[in-house]
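# Close look at the chain arrangement
Residue strings, one per chain:
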Amino acid sequence: MSENTAVAASTTMPRAAAARATARSGSRVRLGWLVPTIYIVFLMVPIYWLLTMSFKTTNEILGGLTLWPHKFTFANYQTIFTDPSWYMGYVNSIIYVTINTLISVVAALPAAYAFSRYRFLGDKHLFFWLLTNRMAPPAVFALPFFQLYSAIGLFDTHIAVALSHCLFNVPLAVWILEGFMSGVPKEIDETAYIDGYSWPRFFTKIFMPLIASGIGVTAFFCFMFSWVELLLAKTLTSVAAKPIAAAMTKTASASGYQVGLLAAAGVLTIIPGAIVIYFVRNYIAKGFALGRV
Amino acid sequence: MDKTWNNRAWFMVLPVLVLVAFNAIIPLMTVVNYSVQETFGDNVFLFHGVGFFQDVLTSERFHSALLRSLAFTAIILAIEIPLGVAIALAMPRKGIWVSVCLVLMALPLLIPWNVVGAIWNLFALPEIGLLGRTLNGIGFDYNYTRHPVDAWFTLVLMDVWHWTSLVVLLAYAGLSSIPDAYYQAAKIDGASRWAVFRFIQLPKMKRVLTIAVLLRFMDSFMIYTEPSVLTGGGPGNSTTVLSIDLVKIALGQFDLGPAAAMSIIYFLIILLLCWIFYTLMMRNEEQ
Amino acid sequence: MARIDLDHIRHSYLANPRSEQDYALKEVHHTFDDGGAYALLGPSGCGKTTLLNIISGLIHPSEGRLLFNDRDVTELSTQQRNIAQVFQFPVIYDTMTVYDNLAFPLRNRGVPEADVDRKVKEILDMTGLSDRAGKRARGLTADQKQKISLGRGLVRSDVNAILFDEPLTVIDPHMKWVLRSQLKQLHHRFGYTMVYVTHDQTEALTFANQVVVMYEGEIVQIGTPADLFARPKHTFVGYFIGSPGMNVMPVAVEGRTARIGAQTIALPGAPAAQAGSMELGIRPEFVKVGKEGMPVSVRRVEDIGRQKIVRASLEGREIAAILGEDEEVPAEPKVVFAPEGINLYASSWRVEMGA
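All of these numbers come straight from a predicted model, not from anything done at the bench. Position numbers for residues count from 1 along each chain, tracking the sequence in the order it is written. Think of it this way: whatever chain is written first is A, whatever ligand is written first is 1, and the rest follow in order. In keeping with the predicted nature of the model, local features appear solely for residues at pLDDT of at least 70, side-chain atom pairs appear and are counted solely at 80 or more, and the whole-chain, interface and lining totals rest on all residues.

## Looking at the overall build of chain B
Strands here are runs of E lasting at least two residues and helices are runs of H or I lasting at least four, both read from the DSSP assignment and numbered beginning at the N terminus. Broken down by element type, chain B carries twelve helices and three strands. For the C-alpha atoms alone, the extent of chain B along its principal axes is close to 75 × 65 × 30 Å. Placing a C-beta atom from the backbone of each residue, one calls two residues in contact when those atoms lie within 7 Å. Sequence-distant contacts, at least 24 apart, represent 70% of the contacts inside chain B between residues at least 6 apart.

## Quick look at the overall build of chain C
Looking only at helices and strands, chain C has nine helices and 23 strands in total. Taken along its principal axes, the extent of the C-alpha atoms in chain C is 75 × 50 × 35 Å. Expressed as a percentage of the 355 residues in chain C, the buried residues total 43%. Residue pairs at least 24 apart in sequence account for 66% of intrachain contacts in chain C once pairs closer than 6 positions are excluded. Here a residue counts as buried when 20 or more other C-beta atoms sit within 10 Å of its C-beta, as exposed when there are 12 or fewer, and as partly exposed otherwise, the C-beta atoms being derived from the backbone.

## A look at the interface of chain B and chain A
With 86 residues of chain B at the contact, the number on the chain A side is 85 residues. Per element, the largest residue contribution to the side of chain B that touches chain A is 14 residues, and it comes from helix α1 (residues 9-35) of chain B. Tallied by class, the residues present in the side of chain B that touches chain A amount to 65 nonpolar, 13 polar and eight charged. Two strands are counted as paired when DSSP detects at least two bridges linking them. Taken together, the two bridges between strand β1 (residues 118-119) of chain A and strand β1 (residues 4-5) of chain B define a ladder with parallel strand orientation. What sits directly across from A:Y118, in β1(B), is B:T4. For this classification, Asp, Glu, Lys and Arg are treated as charged, while Ala, Val, Leu, Ile, Met, Phe, Trp, Tyr, Cys and Pro are nonpolar and the rest, including Gly, are polar.

## Topic: the interface of chain C and chain B
In this assembly, 18 residues from chain C lie in contact with twelve residues from chain B. Looking at the side of chain C that touches chain B residue by residue, the class counts come to nine nonpolar, six polar and three charged.

## Details of the environment of A:N76
Relative to the elements of secondary structure, A:N76 occurs in helix α5 (residues 75-82). With 183 residues separating them in the primary sequence, A:N76 and A:V259 have C-alpha atoms 9.5 Å apart.

## Things to note about the domain arrangement of chain C
Residue and element names in this part refer to chain C. These domain limits were set by an automatic method or by a database of domain assignments. Split by domain assignment, chain C resolves into domain 1 (4-235) and domain 2 (248-351). One C-alpha centre belongs to domain 1, the other to domain 2, and the line joining them spans 38 Å. Contact with domain 1, which involves four residues of that partner, is made by eight residues of domain 2. Looking at the side of domain 1 that touches domain 2 residue by residue, the class counts come to one nonpolar, two polar and one charged.

## Thoughts on the sheet that holds strand β7 (residues 161-165) of chain C
Residue and element names in this part refer to chain C. On the basis of which strands lie adjacent, the open sheet formed by six strands has the order β6-β7-β8-β3-β9-β10 and mixed pairing. Where the open sheet ends on each side, the last strands, each with one partner, are β6 (83-86) and β10 (218-223). Strand after strand, the sheet turns through a mean of 20° between neighbouring axes, direction not considered. Angles shown run from 0 to 180 degrees and are taken between the N-to-C directions of axes, each axis being a line fitted to C-alpha atoms and, for helices, limited to the stretch in contact. Where helix α5 (residues 142-154) meets the sheet, it contacts β6 and β7, and its direction lies at approximately 175° from that of β6.

## Section: helix α3 (residues 98-108) of chain C
Residue and element names in this part refer to chain C. For α3, the tally of buried residues reaches eight of eleven residues, placing the bulk of the element in the interior. All of the buried residues along α3 are V98, Y99, N101, L102, A103, F104, P105 and L106. On its buried side, α3 packs onto α4 (113-127) and α5. A positive backbone phi angle near 75° is found at G110, which sits one or two residues after α3.

## As for unusual backbone geometry
Located in the positive-phi region is A:D156, a residue other than glycine, with phi close to 65°. You can see A:D156 is positioned in the loop between α8 (142-151) and α9 (158-181).

## Description of the nonpolar core
We define a nonpolar core as a collection of buried residues of the types Ala, Val, Leu, Ile, Met, Phe, Trp, Tyr and Cys that are connected via C-beta atoms lying within 7 Å of each other. A:A108, A:A111, A:V174, A:L177, B:L170, B:A171 and B:A212 are the most contacted members of the largest nonpolar core, which has 162 residues in total. Counting residues per element, this core draws most heavily on α9(A), at 16 residues. Not counting the four nearest positions on each side in its chain, A:L177 is found in contact with A:A108, A:L109, A:A112, A:I211, A:G214 and A:T218. Core analysis: the second largest hydrophobic core is formed by 83 residues, C:L6, C:I59, C:A161 and C:L168 among them.

## A few points about the sheet that holds strand β18 (residues 297-303) of chain C
Residues and elements named next belong to chain C. The sheet built from three strands is open, its strands ordered β18-β19-β20 with antiparallel pairing. Looking at strand neighbours, the two that pair on one side only are β18 and β20 (317-324), the edges of this open sheet. This sheet shows a mean twist of 25° between the axes of neighbouring strands, independent of strand direction. In the sheet, strand β19 (residues 307-314) pairs with β20 via eight bridges, with the strands oriented antiparallel. In the sheet register, L314 faces β20, and the bridge partner there is R317.

## A few points about the pairing of β6(C)
Residue and element names in this part refer to chain C. Side chains of β6 alternate between two faces, with I83 and Q85 and A84 and V86 buried alike. Relative to β7, β6 is paired through four bridges, and the arrangement is parallel. Residue pairing for β7: A84 is matched across the bridge by I162.

## Observations regarding helix α3 (residues 60-90) of chain B
Multiplying one less than the number of residues by 1.5 Å gives the expected span of a helix. Its 31 residues place the ends of α3(B) 45 Å apart at the C-alpha level, agreeing with the 45 Å of an ideal helix rising 1.5 Å per residue. Within α3(B) the residues assigned to the buried category are B:F62, B:A65, B:R68, B:S69, B:F72, B:T73, B:I76, B:E80, B:G84, B:V85, B:I87 and B:A88.

## Section: the environment of B:L109
In this structure, B:L109 sits in helix α4 (residues 96-110). For B:L109 and B:E80, which are 29 residues apart along the polypeptide, the C-alpha to C-alpha distance reads 14 Å. Apart from residues no more than four positions distant in its own chain, B:L109 is found in contact with A:M224, B:S165 and B:L166.

## Some thoughts on the packing of α3(C) against α5(C)
All names here are of chain C. Direction vectors running N to C along α3 and α5 enclose 30°, while the axes themselves pass 7 Å from each other. In the crossing of α3 with α5, the sense of the turn from one axis to the other is right-handed. Residue-level contacts link V98, N101, L102, F104 and P105 of α3 to I148, G151 and R152 of α5. Considered class by class, the residues forming the contact of α3 with α5 number five nonpolar, two polar and one charged. Note on convention: the crossing is left-handed when the near helix lies turned anticlockwise from the far helix by less than a right angle, right-handed when the turn is clockwise.

## Let's talk about the packing of helix α6 (residues 84-117) of chain A against helix α12 (residues 212-228) of chain A
Residues and elements named next belong to chain A. Running from N to C, α6 and α12 cross one another at 140°; their axes reach a closest spacing of 9 Å. What the angle tells us is that α6 and α12 run oblique. Seen along the crossing, α6 lies across α12 with a hand that is right-handed. Facing S93, V97, N100, T101, S104 and V105 of α6, the residues of α12 in contact are I215, T218, A219, C222, F223, S226 and W227. Relative orientations are named as follows: roughly parallel for angles under 35 degrees, roughly antiparallel for angles over 145 degrees, roughly perpendicular for angles from 65 to 115 degrees, and oblique for any other angle.

## Things to note about the environment of C:L6
All names here are of chain C. Here L6 lies in strand β1 (residues 4-11). Put simply, L6 and I54 are 48 residues apart on the chain and 9.6 Å apart in space, counted from C-alpha to C-alpha. Apart from residues lying up to four places away in sequence, L6 is in contact with V28, H29, H30, G64 and L66.

What follows is the structure, encoded as structure tokens:
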């Protein structure tokens with residue numbers, strides 16, 4: 001197996017798609033893009049709504065329906081950027097979410113490989129048990145989690161939230177990765193060993209590129225579920241590691257329901273996730289570039 | 001695939017096991033503890049056996065909430081899974097539009113759930129919301145704060161808007177890992193578009209689809225924040241799904257015992273249904 | 001069955017190729033005879049897969065035309081070309097039974113069920129899969145799956161050619177031999193035009209009537225296995241074929257002698273032309289180790305059973321020689337080049353030596 005072969009295969013593939021595209025009947029392609037387009041328009045309308053709300057004053061929002069801000073204002077964003085209790089929320093969230101995503105994916109990779117390639121005592125039960133950890137309603141777990149992490153002195157730290165989110169993210173990562181790994185034939189592993197690859201080198205240089213789309217999807221989902229998780233993040237933090245979602249609950253307090261501020265905060269919450277998916281998009285869309293073995 | 005028997009694989013699984021078990025077992029024990037003990041405050045607990053469980057299982061209120069949750073989940077799955085797969089199939093595989101599509105589709109997933117609820121709360125208001133005004137303008141008498149049917153409609157629409165992209169992303173990633181050679185071979189064999197879907201794409205997507213179905217099932221069954229912010233369970237209790245009911249009992253009445261018991265029952269229901277789903281969908285894996 | 005003509009075909013993966021280097025496949029003009037078994041042999045990246053994909057329709061060539069039985073198929077899609085292709089890894093329909101897998105191409109074309117049954121049974125028999133006909137295709141071994149892939153191509157009677165893209169890659173070594181023999185039998189029996197891509201010379205030499213050796217996008221030689229072995233037209237062919245490959249060493253040629261270092265070698269004839277760097281090629285089989293000739297220092301002797309390979313150094317150049325299993329290397333080893341095995345190359349291409 002050599003790098004040349006992978007290059008040869010990857011240069012074949014785009015041609016393949018191009019040839020297929022031209023050979024395809026014209027009408028199918030014309031209608032084909034309509035579906036995703038309609039869907040995306042459907043998705044964008046409420047987001048546009050959110051965006052406009054963030055540039056309006058609360059009075060304008062609650063006063064009546066306006067399709068765009070009549071009184072354009074940056075005040076909402078100003079508050080967020082200048083008030084530490086707001087922007088630190090973002091920083092904290094990003095920190096613990098990144099830690100969690102890293103831990104979850106790194107721990108899940110060998111485990112998923114084991115589930116995919118080997119049979120061992122209790123494997124099927126273990127696999128299903130992992131998923132059961134996503135099945136419990138969070139509300140009642142808040143108190144026990146608080147007690148647990150306080151007891152080990154990790155209250156109000158980023159690592160506490162990152163670790164606690166492993167409860168639902170690690171099983172998800174294992175499940176998704178296992179699904180993709182099972183699509184790679186075992187023969188590839190065996191050929192690599194015959195060619196003299198050690199396991200770590202095989203895993204990083206040959207295997208991981210083959211499940212690239214799975215890794216991309218997994219990383220994104222771990223990021224996403226950790227980012228939006230509100231209850232545990234609020235429970236396990238108070239000041240130092242307070243996440244943005246908790247900061248947002250401030251908007252429904254003393255001065256009434258500050259919708260504009262909430263909207264601005266909401267808009268800003270979308271951005272880190274959008275960046276993440278932008279970076280992993282290539283992994284998700286990557287074809288199964290079967291290199292020559 | 002042919003898996004080799006190798007008990008040393010446990011070492012590869014160990015980090016995962018530690019991370020999850022640490023977070024799962026201790027809290028679980030606490031909850032079980034609460035569910036079988038009565039308290040009258042002041043940290044005095046008395047063993048109450050399965051009393052709370054019986055109360056919950058026989059309560060009318062629980063049954064209604066359960067039914068609503070089941071109905072909601074069924075509708076959600078019936079819409080989101082086929083829709084997500086169809087969109088994934090129609091998406092471009094290469095080129096600049098792929099990035100655009102993926103990023104845009106992912107945006108609803110990234111919004112904190114309370115914000116999602118808040119957006120739709122305002123968006124659907126009959127007077128000042130874009131959706132509400134439009135629907136009323138067309139001729140529907142639409143008000144989700146008053147009519148249960150409208151509330152359900154809005155709730156379902158919100159969830160579809162929020163979560164279908166999850167199915168799309170998973171399905172798309174699954175489709176992307178099908179080697180080109182399969183399509184090529186299908187061409188050579190003269191297969192129709194439907195045959196390609198049925199014999200190549202669908203089987204290869206089976207694993208990811210299972211994950212998508214299970215994820216959506218669990219999350220829609222446990223849904224709390226969005227409906228809570230959107231309708232608060234109303235009008236009346238027409239959208240009071242299980243978790244909303246649970247939180248009302250736990251936090252509203254601060255009855256740890258019944259709340260814990262309800263959580264366990266809740267969890268067991270999900271467990272049972274997931275297990276059924278999983279077994280059905282994975283039935284063919286073992287030869 | 002069809003004759004395949006490659007009419008001045010060239011292919012570049014770049015949109016605007018400017019120099020020769022930009023072409024992954026340099027000009028190919030060749031005919032694959034109807035019913036011939038051809039191997040496209042070469043190292044990775046040499047262009048053999050590109051050529052195969054042009055024939056199958058996966059790639060549209062930048063220049064040139066492709067003809068099947070004098071019919072221009074360059075613009076036709078894969079499906080319309082009626083070819084069958086076996087890929088590097090088994091491509092089967094997991095959810096169908098073996099029988100249905102084989103029946104699939106026929107049913108898609110609307111063949112009556114009775115005919116389908118007949119043909120499928122015939123192919124099942126031929127590939128030895130009859131006892132598995134009703135089983136799900138998913139649970140089979142790799143070689144059985146490849147047979148199904150192959151069978152799907154054979155089951156159609158209108159197939160113009162069968163293309164193989166390194167099909168034995170995922171097969172166990174001992175099954176490789178079995179499958180190769182079966183492929184050869186199939187060819188004898190049915191006479192399909194078969195084009196087989198591989199980087200393994202054993203596969204190529206045992207399978208094909210004619211081997212097309214490719215290197216860096218060019219066809220360097222087409223010939224029978226014997227031709228390639230005895231009269232390599234390019235140093236690469238000499239080096240690639242045979243185990244160990246041909247010895248190639250730079251020499252200075254004067255008339256009928258070649259000089260390497262301090263040694264002179266008599267050539268069978270004066271070379272017709274001398275352009276660029278000259279090299280002498282000789283197969284280890286034609287290098288005789290004995291007490292006379294040019295002195296060498298022996299570095300290693302490998303015993304491979306029926307023969308021994310002597311790795312030595314001649315005037316600072318690596319050289320290999322074959323020794324019979326009972327022969328010994330003398331104390332002061334010397335080598336002689338048998339004249340019938342001497343080849344001369346100018347800029348890597350063979351030059352004829354006149355009488």
